[in-house]
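Close look at the chain arrangement
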Amino acid sequence: AGVPCMGSRALRHDAPMRLDHVSYAVSNNELSDTVQRLGSMIGAPFTDGGRHPTYGTRNFVLPLGDGCYIEVVTPLDHPAVDSKTFGRAVKRRAMEGGGWLTWVVAVDDITVLEQRLGRPASSGQRRRPDGFDLQWEQIGLTDLLDDPQLPFFVQWHSSPSEHPCVGGKPGTGLHALEICGDQERIETWLGAPLATALEQVNIIWVDADEPGLVAVHVQTPNGVVRLD
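Every chain is numbered independently, its residues counted from 1 as its sequence is written. With pLDDT at 70 or above as the cut-off, local features in this predicted model cover only qualifying residues; side-chain atom pairs require 80 or more to be listed or tallied, and sums for whole chains, interfaces and linings still use all residues. Where side-chain values are given, they derive from all heavy atoms of the structure, hydrogens and water being excluded.

**With respect to the nonpolar core**
Residue types Ala, Val, Leu, Ile, Met, Phe, Trp, Tyr and Cys, when buried and joined through side-chain atoms within 4.5 Å, form a set referred to as a nonpolar core. Throughout this description, buried means an accessible area under 20% of the type-specific maximum (1.4 Å probe, protein chains only), exposed means over 50%, and partly exposed covers the range between. Val22, Ile70, Trp103, Leu174, Leu177, Leu190 and Val218 are the most contacted members of the largest nonpolar core, which totals 44 residues. Every residue in contact with Leu190, bar those within four places of it in the chain, is listed here: Met17, Trp103, Val105, Arg116, Pro151, Phe153 and Ala197. In terms of nonpolar packing, the next biggest core, distinct from the first, is built from 19 residues, Val61, Phe86, Trp136 and Leu141 among them. Should any heavy atoms of two residues lie within 4.5 Å, those residues are counted as being in contact.

Encoded structure:
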């Protein structure tokens, strides 16, 4: 898949993994308000990312200047929402009132994870409004459903120039993640220290009613904003 784009993390060709994006799930009737609220806080607009035909979901994306991006994803009235793991995860979070769904780690060789986890990765696809199909492989979604503190993994197969982080506003980036969870459990799942997977992104451990991603701190030209 190669390195997705020219952010500070993406220049690390020797890095076995890196933070790729964070995902916020909402119901369809909350999608527009959520996209406007988060975009206004960051000071940059989301754009229509298109549909995931395999999962019965669609998203809006906001590229950041550090090689990562934020997505707001919603379930559609489509049978795949209930039959595919990602669709079920998005629908469940949306029905719970919406909020942060997960953080996602990119790798250059997903076969390493297939061997460690003992199961194959699955193919992913998103068709943008311009007709272009983004393609990738992913693994770990079932584990996310069972244990929301865990990220899932992706290996991109589309050209680096088409990665959703392209076009990020200079001076923006993921500054910190607030996570309710167990560091040892997460690092065992990653197979590496958190510092290796996240590099310059800070982890703030918090208490919450449920494990998982609680909030995201984004660096903007006007300072750091907290998105919950």
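**Describing the side chain of Ser158**
Segments assigned H or I by DSSP are reported as helices when at least four residues long, segments assigned E as strands when at least two residues long, and all are numbered from the N terminus. Among the secondary structure elements, Ser158 is positioned in the loop between strand S8 (152-156) and strand S9 (173-180). Polar contacts, as counted here, are pairs of nitrogen or oxygen atoms within 3.5 Å of one another; within protein the pair requires one atom able to donate a hydrogen and one able to accept it, and residues that are adjacent in sequence qualify only if both atoms are side-chain atoms. At 2.7 Å, the side chain of Ser158 and the backbone nitrogen of Gln135 are in polar contact. Excluding its chain neighbours within four sequence positions, the residues that come into contact with Ser158 are Phe132, Asp133, Leu134 and Gln135.

**Digging into the pairing of S8**
Across the 5 residues that make up S8, a large majority, 5, are buried. Across 3 bridges, strand S5 (residues 99-107) lies against S8 in parallel orientation. Looking across to S8, one finds that Val104 is bridged to Phe152. In this analysis, strands are considered paired if DSSP registers two or more bridges between them. The pairing of strand S7 (residues 133-139) with S8 spans 4 bridges and is classified as antiparallel. Bridge pairing in S8 places Glu137 opposite Gln155.

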